[in-house]
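Single-letter residue listing:
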Amino acid sequence: MKPIHFVDPNNLLLCAIITAAMQIFFFGIAATFRFDKVTDFAGGTNFMVLALMTLLLAQTFSVRQILVTAFVCAWGIRLSGYLLYRIIKIGEDKRFDDKRDNLCAFAGFWTFQAIWVFTVSLPVIFTNCSYSNVNNYFTVQDIVGISMYGVGLLTETFADFQKFNFRDNPANNGKWCDYGLWKWSRHPNYFGEILLWWGMFLISTSVIQGGQWAGVIGPVFITSILLFLSGIPLLEKKSDERYGKVEAYREYKRSTSPLVPLPPYLYRRLPDAVKCFVCCEFPLYNTMDEADEDELEVKVDEVNGKARANSA
């Protein structure tokens, strides 16, 4: 059968229309019934719809295209299923506490989600394009990309369930998660998410050409969002406000990489430049008041001094 093109050979316009339609539909449900349970489900399933649709429209069904589509579906099912289960368990999504009564702000979130889905899907859309079927043999980029995807998906999956189980235990109320992968990274789930989408883009580089290299916008977008906007900065600020005066938390933060998983004893010994440019320990992640930090260190020194005096 011949490939089906809607206006452009990459079917970008069709993908944009489908994405907008899905997000508007689910936004209508969420806004009308003040229902948080469809939000993340709408995002994850939208990725799957675009991957499957572009594969079917291309009619080429190369091994790489089938593999990439399967990867997106596996990721989407895992993420949507987990987030849906979590929101059913906890009842409400705190991200929308300040948006439910403001229709414009709520619509802004859904608009951003549509942009997120379409932009991050670009490497998959281009890989599934009919004229991207230029070779069926695996390249170095394919092997490395598949490995990155696999490691990323496993890391994200284990991190999510470790944190969920930690929070679900009443004995951990009021504590920050430093269990499992969270001992080695303050945000291992985001590390996995970033890694797997860069892996998907790397796979696409085996076949993309010309303007399709714009697909790099996908992993750059998700990386930027998580590192500088709605991901790590917001969570770090929230944790600093809640635990910032606790010395054990400060020690955890000093000893634990914000993103790239590393043993704490190794991370503490790294130069600040390496922490910043390799491990992404950016200054904006530290919102603790320096005066409070200095005051706490003085108190710790006083306690240590008294302990030494008593022992003498």
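Remember, it's a predicted structure, so these values are computed and weren't measured experimentally.

Points about empty space enclosed by the protein
Then, in step 1: According to the stated counting rule, one finds three cavities of 30 Å³ or more in the structure shown.
Then, in step 2: Estimated volume of the largest cavity: approximately 40 Å³.
Then, in step 3: Every residue lining the largest cavity is listed: Ile4, His5, Pro9, Asn10, Asn11, Thr54, Ala58, Ile125, Asn128, Cys129 and Ser130.
Then, in step 4: Across the lining of the largest cavity, the residue classes break down as five nonpolar, six polar and no charged.

Regarding helix α1 (residues 12-33)
Then, in step 1: Helix length check: α1, at 22 residues, gives a terminal C-alpha distance of 32 Å against a target of 32 Å (1.5 Å per residue), a fit within 8%.
Then, in step 2: Within α1, the full set of buried residues consists of Leu14, Cys15, Thr19, Met22, Gln23, Phe26, Phe27 and Ala30.
Then, in step 3: Looking at the residues trailing α1, positive phi occurs at Arg34, about 50°.

What about the layout of surface pockets?
In this approach the atoms are scanned with a rolling probe the size of a water molecule, which exposes any empty space left behind.
Then, in step 1: Within this model, the second largest pocket holds a volume of roughly 360 Å³.
Then, in step 2: What lines the second largest pocket is a set of 14 residues, among which Lys253, Arg254, Tyr267, Glu281 and Asn286 lie closest to the centre.
Then, in step 3: Those elements that provide at least two residues to the lining of the second largest pocket are α10 (247-255) and α12 (272-277).
Then, in step 4: Classifying every residue of the lining of the second largest pocket gives six nonpolar, one polar and seven charged.

Topic: the nonpolar core
Then, in step 1: Grouped together as the largest cluster of nonpolar side chains are 45 residues, with contacts concentrated most on Phe47, Trp75, Trp116, Trp197, Met200, Leu227 and Leu259.
Then, in step 2: Sequence-distant contacts of Phe47, defined by excluding residues within four places in its chain, comprise Val72, Trp75, Trp116, Val117, Val120, Ser121 and Trp197.

Some details on a nonpolar patch on the surface
Then, in step 1: Residues Phe6, Val7, Leu13 and Ile17 make up a contiguous nonpolar surface patch of about 370 Å² in total accessible area.
Then, in step 2: Note that Val7 resides in the segment before α1.
Then, in step 3: For Val7, a relative accessible area of 70% puts it in the exposed group.

Some words on the environment of Thr60
Then, in step 1: Locating Thr60 in the fold gives a position in the loop between α2 (39-58) and α3 (63-90).
Then, in step 2: With 58 residues separating them in the primary sequence, Thr60 and Lys2 have C-alpha atoms 8.7 Å apart.

Brief notes about the packing of aromatic side chains
Then, in step 1: For the coordinates displayed, the defined rule picks out 21 aromatic pairs.
Then, in step 2: Relative to Phe221, the ring of Phe112 has its centre 6.0 Å away and its plane inclined at 35°; by these criteria the two rings are tilted. Placement of Phe112 in helix α4 (residues 103-120) and of Phe221 in helix α8 (residues 217-229) is noted, with a sequence separation of 109 residues between them.
Then, in step 3: Linked through ring pairs, Phe27, Phe106, Phe109 and Trp110 together constitute an aromatic cluster.
Then, in step 4: Directly above the aromatic system of Tyr267 lies the positively charged group of Lys275, at a separation of 4.9 Å from the ring centroid.

Quick look at the packing of α8 against helix α9 (residues 232-243)
Then, in step 1: As a packed pair, α8 and α9 sit with axes 4 Å apart at the nearest point and diverge in direction by 20°. Accordingly, the angle class assigned to the pair α8 and α9 is roughly parallel. Within the contact between the two elements, α8 uses Leu226, Leu227, Phe228 and Leu229 and α9 uses Ile232, Pro233 and Leu234.
Then, in step 2: Across the contact of α8 with α9, the residue classes tally to seven nonpolar, no polar and no charged.

The rules behind these values
- Residues numbered from 1 in each chain as written.
- Predicted model: local features only at pLDDT ≥ 70, side-chain atom pairs only at ≥ 80, totals over all residues.
- Heavy atoms only, no water.
- 1 Å grid on protein atoms, 1.4 Å probe; cavity = no way out; pocket = protein on both sides within 12 Å on 5 of 7 lines; lining within 4 Å.
- Points joined across faces, edges and corners; volume = space filled by probe spheres on them.
- Nonpolar A, V, L, I, M, F, W, Y, C, P; charged D, E, K, R; others polar.
- Helix = DSSP H or I, 4+ residues; strand = E, 2+ residues; numbered from the N terminus.
- Expected span 1.5 Å × (residues − 1).
- Buried < 20%, exposed > 50% of the residue type's maximum accessible area, 1.4 Å probe, protein only.
- Core = buried A, V, L, I, M, F, W, Y, C linked by side-chain atoms within 4.5 Å.
- Contact = heavy atoms within 4.5 Å.
- Patch = residues over 30% accessible without salt bridge, like charges linked within 9 Å, V, L, I, M, F, W, Y side chains within 5 Å.
- Areas by Shrake-Rupley, 256 points an atom, 1.4 Å probe, with all protein chains shown as cover.
- Salt bridge = Lys/Arg side-chain N within 4 Å of Asp/Glu carboxyl O.
- Phe/Tyr/Trp six-rings, centres within 6.5 Å; stacked < 30°, edge-to-face > 60°.
- Lys NZ or Arg CZ within 6 Å of the ring centre and 35° of its normal.
- Axes fitted to C-alpha atoms, helices over the stretch in contact; angles between N-to-C directions.
- Parallel < 35°, antiparallel > 145°, perpendicular 65-115°, else oblique.

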